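Structural description and commentary
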Amino acid sequence: MTRGNGEVGEVITGNASTFINLPLRIAFPGELVIRGEAVISYADFEEINDALPEGEQPYKNPRNLCAGSVRQLDSSVTAKRNVQFHAFALVSADGAPEEVLRSREEGFKWLAGLGFAVVGYRIVTAGTVVAAVDDFESRIADNPLPSDGLVLTLDDAVYSATLGTTAKFPRDSIAFKWRDQLAETALREIEWSASRTGLINPVAIFDPVELEGTTVSRASLHNVSIMEELKLGIGDTIRVYKANMIIPQVLDNLTMSGPETPPAACPVCGSGTLIKDENGVRTLVCPNPDCLAKQIKKFTLFVSREAMNIDGLSEMTIEKFIARGIIKEPADLFKLEEHRDVIVGMEGFGEKSYENLLAACRNASETTPDRLLLALGIPGIGTANAKLIAKHCRNSWEAMERLTKEELMEIEGIGGIMAESYTKFFADEANRRIVKDLTDVLKLDETFTSAGTLFEGMTFVITGGLNNHANRDELKALIEEAGGKVAGSVSARTTYLINNDITSTSGKNKKARELDIPIIDEETVDRWLKEGVVTE
């Protein structure tokens, strides 16, 4: 089974086998091709949300949850979601009775006989179609399954095929969408949100309303032109809806007292803003190439597991925090308690998620010099080089900041270009201020032990599962701290292959035996580190 347009799509056979109403065996010997929709009922959706651990954010709607469920990499997760399949088209069935292939109604009946659930349908004529649409619409609020509309199509499938299609749509069908649910509310603020592209987009903030089963209090206005067309002013009565039952939008403005004036300064960096007009669409932009909103990737590196390791701080959350002015520089990530009320009130956040993030930042504030160096994002300074530099300076951050180009090039693995980038970074006044603000809020563990020479000159390769360490990165860090190197593949330069399954016939084990390289287990490495000596 695939998820796509009926011809091209992702293979989801493993996940589809867990759908609760899909027959896994059918009494039909030929090739059968059908199209349908995966859905999660409202009742199951509510049960799934009710079963979430306390403090975990509930899923927004059945449609999004279902889309994510059918694409899961782990089919056991899909199996817990009670996904249903409802057929809406019989494409082909070699050997099926002729009437089944000619009539859509007969095709539905035949599929139902094989055990498939089919979509709700009704045979109509020109005289009854309007009443049928009205009837379906009147019952949509009580429908147990999500539904966003109807399709009116010809029953004669053979004749339908002769009508062809346009570039996007079949000529034998007409689609009806249910009218969007509307709600009136009061506009309280226009928030200007800077993005990584330099655009500063207006966002309408309004009194919370319920739409399509969720509470909504903000909607993007996309650009200055839309804000001006709606003549939005603070306090205006507006009508809002969810496009495609998902994305909040402002439909119209019943008061029209505005429009509000776009800000003259970027809300993130304070630089003067510009209004651009491209094909009649006016947008507000920040021309400053150094604007923090354009530096999202730098923050993503800063919080990554190998660097400061701030768990749960996604790129999207970082972008939101920058847009709200919560973080203006890396040190602000360790002062989030100053913005508690704002964060708790943000969409996707709550008291529990805020506390979890605060705890992650507190844990990350106790770190090591090599992690901080990596987090700064200096060109060419990756995990391994950061460790080499920290080791060379015996974990003294002050010494690491003062390294000259010549001193850096004395370190094995550090070349002239890398040394140039390093010294240029620490010579920059703005960078020095950022680093100073960080060291003021961080607790650096500058402890240096002589264990750094135990594995000096040795190269290890790690393969297979681990028992005593969370992951390979953790074991790799211990080996490197003891002076060793960790490579990704076995070669003549490998000193030891680490594999808890020493008798394995894996490719790396075979290669190690061919090269007469010793295979050791994780316990052996831990014992050597503990005893401070490498023994046979």
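Residues numbered from 1 in each chain as written. Predicted model: local features only at pLDDT ≥ 70, side-chain atom pairs only at ≥ 80, totals over all residues. Heavy atoms only, no water.

In terms of helices and strands, the chain carries 22 helices and 20 strands. Over its C-alpha atoms the chain spans a radius of gyration of 31 Å, topping by over 25% the 24 Å that the globule rule assigns to 536 residues. If you line up the chain on its principal axes, its C-alpha atoms span 90 × 70 × 45 Å. Counted over contacts in the chain with a minimum sequence separation of 6, partners at least 24 positions apart contribute 59%. A total of about 29600 Å² of accessible surface is found on the chain, and carbon and sulfur atoms cover 51% of it. Counting 57 positive and 80 negative side-chain charges, the chain places the centres of these two groups 3 Å from one another. (Helix = DSSP H or I, 4+ residues; strand = E, 2+ residues; numbered from the N terminus. Rg over C-alpha atoms; globule rule 2.2 N^0.38 Å. Contact = heavy atoms within 4.5 Å. Areas by Shrake-Rupley, 256 points an atom, 1.4 Å probe, with all protein chains shown as cover. Lys, Arg positive; Asp, Glu negative; His and termini not counted. Charge placed at Lys NZ, Arg CZ, Asp CG, Glu CD.)

Helix packing geometry: the angle between the two helix axes and the distance between the axes. Following both chains from N to C, one finds helix H18 (residues 416-427) and helix H19 (residues 429-441) inclined at 75°, their axes separated by 5 Å at the closest point. One way to sum up the angle between H18 and H19 is to call them roughly perpendicular. Here Phe425, Phe426 and Ala427 of H18 come into contact with H19, specifically with Glu429, Asn431, Arg432 and Val435. A class-by-class count of the residues in the contact of H18 with H19 yields 4 nonpolar, 1 polar and 2 charged. (Axes fitted to C-alpha atoms, helices over the stretch in contact; angles between N-to-C directions. Parallel < 35°, antiparallel > 145°, perpendicular 65-115°, else oblique. Nonpolar A, V, L, I, M, F, W, Y, C, P; charged D, E, K, R; others polar.)

Here helix H13 (residues 351-364) spans 20 Å end to end across 14 residues, near enough to the 20 Å set by a 1.5 Å rise per residue. Inspection of H13 places Ser353, Tyr354, Leu357, Leu358, Ala360, Cys361 and Ala364 among the buried residues, and these make up the whole buried set. Down the axis, H13 shows its buried residues gathered within 160° of arc, on one side only. Looking at H13, the residues exposed on the side facing more than 90 degrees away from the buried face are Arg362 and Asn363. Looking at the buried positions of H13, the neighbouring elements they touch are helix H11 (315-323), helix H12 (340-344) and strand E15 (366-367). (Expected span 1.5 Å × (residues − 1). Buried < 20%, exposed > 50% of the residue type's maximum accessible area, 1.4 Å probe, protein only. Arc of directions from axis to C-beta.)

Listed as buried for helix H15 (residues 383-392) are Asn385, Ala386, Lys387, Ile389 and Ala390. Buried positions along H15 lie against helix H14 (369-375), helix H16 (397-401), helix H17 (405-409), H18 and helix H20 (472-481).

It is worth spelling out the side chain of Glu191 at this point. Counting through the fold element by element, Glu191 comes out in strand E8 (residues 183-194). Residue class for Glu191 comes out buried when judged on its relative accessible area of 12%. Those residues in contact with Glu191 that lie beyond four places of it in its chain are Asn201, Pro202, Val203, Ile205, Arg218 and Arg324.

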